[in-house]
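Remarks on the overall topology
Read off the chains here:
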Amino acid sequence: MTRYAYIGLFLVGLGAIVYVLMSAATGKPAGNPYQGFATGQMAKLEFGSAGQPIPAGTFTDVDNTPQTLEIFKGKTILVNYWATWCPPCEKEMPSLGALQTARASDSFEVVALSVDSPEDADYARRRLTELGAANIAFRHAPMDNGDVIYGAGVRGFPTTILYGADGLEIARLAGDADWASPEAVQFIDAVLKDQAR
């Protein structure tokens, strides 16, 4: 009887060793299909809020009309919350303009929401152009009317959130990044390819 117990323990131990070796060889599966893009300039990508719907709050559009992010449903959007008083926001704005130039289409748009105060809206509009992002439409979401800001869970500036055509969050990045970098463009291209399916 003891001999069978030893054989059973040996087989259990052997099975555990094989399991550990196979797990190490295959690696742990990613929790999100886009986590592999969180490298280089995109290293700060976060996926914890993936699947959250776009916030219902309002902002003023190009012609000063109140709008919500719902107007972009059916299009993948990269929403950037920025301000003129935020140096990292201004630092990344040229690369957002470059991404808009490279990838803007019927299925993708960079949406920059200025959180500047109402009295600074005209300055922010000019600044967007001066920063090399004249191709991004000026949209305004002042913090004192910050339902779209707080609804998105933005805790600092800049914060950039990618939403799919279904209006659900894919990923977000807190802080500045080079959105024209190869890592960023590869990430956006991968998302757009998946969204087109």
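Here the structure is shown first, and the text comes after it.
Residues numbered from 1 in each chain as written. Predicted model: local features only at pLDDT ≥ 70, side-chain atom pairs only at ≥ 80, totals over all residues. Heavy atoms only, no water.

**Notes on the overall build of the chain**
So the rule is basically this: Comment: elements are numbered from the N terminus, with helices defined as DSSP H or I runs of at least four residues and strands as E runs of at least two. Each residue gets one of three labels from its accessible area relative to the maximum for its type: buried under 20%, exposed over 50%, partly exposed in between, using a 1.4 Å probe on protein chains only. Contact criterion: two residues are considered in contact whenever any of their non-hydrogen atoms come within 4.5 Å of each other. Values of accessible area rely on a 1.4 Å probe in the Shrake-Rupley scheme; residue burial ignores everything except the protein chains shown.
Each helix and strand counted, the chain has five helices and eight strands in total. Traced from its N-terminal end to its C-terminal end, the chain shows the element sequence α-β-β-β-β-α-β-α-β-α-β-β-α. In the chain, buried positions account for 42% of the 197 residues. If you take every contact in the chain between residues at least 6 apart in sequence, the share linking residues at least 24 apart comes to 71%. Carbon and sulfur atoms make up 59% of the accessible area of the chain, which totals about 10,400 Å².

**Observations regarding the nonpolar core**
The criterion, for reference: Among the buried residues, those of types Ala, Val, Leu, Ile, Met, Phe, Trp, Tyr and Cys that are joined through side-chain atoms within 4.5 Å form a nonpolar core.
Within the largest apolar cluster, 51 residues are counted, with the highest numbers of intra-cluster contacts made by L69, Y81, W82, W179 and F187. Breaking this core down by element, the ones donating at least two residues are β4 (76-82), α2 (87-103), β5 (108-114), α3 (121-130), α4 (147-151), β7 (159-163), β8 (169-174) and α5 (182-195).

**Thoughts on the state of the cysteines**
So the rule is basically this: The disulfide criterion used throughout: a pair of cysteine sulfur atoms within 2.5 Å.
Applying the stated rule across the entire model yields one disulfide. A sulfur-sulfur separation of 2.3 Å characterises the disulfide bridge that pairs C86 with C89. Linking C86 and C89, the disulfide has an S-S dihedral of approximately 80° and is accordingly described as right-handed. Judged by relative accessible area, C86 falls into the buried class, the value being 4%. For C89, a relative accessible area of 0% translates into the label buried.

**Details of the pairing of β4**
As a reminder, the rule being used: By the convention used here, strands pair only if DSSP detects at least 2 bridges between them.
Most of β4 sits inside the fold, with seven of its seven residues counted as buried. Neither face of β4 is left uncovered, since the one carrying T76, L78, N80 and W82 and the one carrying I77, V79 and Y81 both have all their residues buried. Bridge count between β4 and β5: seven bridges; the pairing is parallel. Across the sheet, L78 pairs through a bridge with V110, a residue of β5. Across five bridges, the pairing between β4 and β7 is antiparallel. Residue pairing across strands places V79 opposite I161, the latter belonging to β7.

**Looking at empty space enclosed by the protein**
For the record, the criterion: Method remark: on a 1 Å grid restricted to protein atoms, a set of points is classed as a cavity if a 1.4 Å probe fits but cannot get out and as a pocket if it is open with protein on both sides within 12 Å along at least five of seven lines; lining residues have an atom within 4 Å of a point. Grid points are joined across faces, edges and corners, and a volume is the space filled by probe spheres set on the points. By the convention adopted, Pro, Cys, Tyr, Trp, Phe, Met, Ile, Leu, Val and Ala count as nonpolar, Lys, Arg, Asp and Glu as charged, and the other residues, Gly among them, as polar.
What the rule picks out here adds up to one cavity of 30 Å³ or more. I54, L69, F72, K73, K75, I77, Y163, G164 and G167 together form the lining of the largest cavity. The class makeup of the residues in the lining of the largest cavity is five nonpolar, two polar and two charged.

**Details of the side chain of E109**
What counts is decided by this rule: Side-chain atoms alone can form a polar contact between residues adjacent in sequence; in general such a contact is a pair of N or O atoms within 3.5 Å, and within protein one must be able to donate a hydrogen while the other accepts it.
When you line up the elements, E109 lands in strand β5. A distance of 3.1 Å separates polar atoms of two side chains, one belonging to E109 and the other to K75. Looking at E109, its side chain comes within polar contact range of the side chain of R139, at 3.3 Å. Not counting the four nearest positions on each side in its chain, E109 is found in contact with F72, K75, T76, I77, L78, Q100 and R139.

**Here we look at the pairing of β5**
The test is simple: Whether a crossover is right-handed depends on one test, that the path from the first strand over the helix to the second runs clockwise when the strands point away from the viewer.
Counting buried positions along β5 gives seven out of seven residues, so the element sits mostly inside the fold. Alternating residues of β5 divide into F108, V110, A112 and S114 and E109, V111 and L113, and every residue in both groups is buried. Assessed by its sense of winding, the connection that carries the chain from β4 through α2 to β5 is right-handed. Two elements, β5 and strand β6 (residues 138-140), share three bridges in a ladder whose sense is parallel. What sits directly across from L113, in β6, is R139. Viewed along the sheet, the connection from β5 through α3 into β6 turns out right-handed.

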